[in-house]
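Tertiary structure, described
These are the residues of each chain, in order.
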Amino acid sequence: LVIVEPAGGGKYKPVGIITERDYMEKGIVLGRHAKETLVQDIMSRKGLISVTPDAQLFDCMELMTQNHIRHIPVVDESQSLIGMISIGDVVREMVTAHRKEMAEMSAYVAGGY
């Protein structure tokens, strides 16, 4: 879940993110109860990683792998939140690209190029 603050003009800037890991490590493990815990107390703020819409899938996959994360906020040129990309999105697109490449290779080998 991306935590945002108003950035003016109906836009919102990401200021943090809360994940299942945050909830487990900073909430449950410390004995905090969900009804009494504020998001700001357990969200991750430092080093919030984001990408722009023109980011390459490989770059997103690399960021996710290097930083042990599964979601990356997508921001526009003014750093306003416009979406989210997940590891599932990346894998789905990589599988689609792989299948297309396999079909093209099969057609080439079969002489149907």
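Here the structure is a predicted model, which is why all the values come from computation and not from measurement.

Within the secondary structure layout, Ser80 lies in the loop between strand S3 (71-75) and strand S4 (81-86). Polar side-chain contacts of Ser80 include one of 3.2 Å to the side chain of Ser78. Filtering out sequence-adjacent residues up to four positions away, Ser80 remains in contact with Ala7, Lys11, Tyr12, Lys13, Pro14, Val74 and Val75.

For helix H4 (residues 87-109), spanning 23 residues, the distance from its first C-alpha to its last is 32 Å, which sits close to the expected 33 Å at 1.5 Å a residue. A positive backbone phi angle near 85 degrees is found at Gly111, which sits one or two residues after H4.

To continue, consider the pattern of salt bridges. Under the definition given, this model contains four salt bridges. Residue Glu20 is joined to Arg70 by a salt bridge in which the shortest nitrogen-to-oxygen separation is 2.9 Å. Here the residue Glu20 occupies a position in helix H1 (residues 20-28), and Arg70 occupies one in the loop between helix H3 (57-67) and S3, the gap between them amounting to 50 residues. Among the salt bridges present, the one from Lys26 reaches Asp22, with a minimum N-O distance of 3.4 Å. Here Asp22 and Lys26 lie together in helix H1, a separation of four residues that amounts to about one turn. Given the relative accessible area of 5%, Asp22 is considered buried.

Conventions we followed
- Residues numbered from 1 in each chain as written.
- Predicted model: local features only at pLDDT ≥ 70, side-chain atom pairs only at ≥ 80, totals over all residues.
- Heavy atoms only, no water.
- Helix = DSSP H or I, 4+ residues; strand = E, 2+ residues; numbered from the N terminus.
- Polar contact = N/O pair within 3.5 Å; in protein donor to acceptor, adjacent residues only side chain to side chain.
- Contact = heavy atoms within 4.5 Å.
- Expected span 1.5 Å × (residues − 1).
- Salt bridge = Lys/Arg side-chain N within 4 Å of Asp/Glu carboxyl O.
- Buried < 20%, exposed > 50% of the residue type's maximum accessible area, 1.4 Å probe, protein only.

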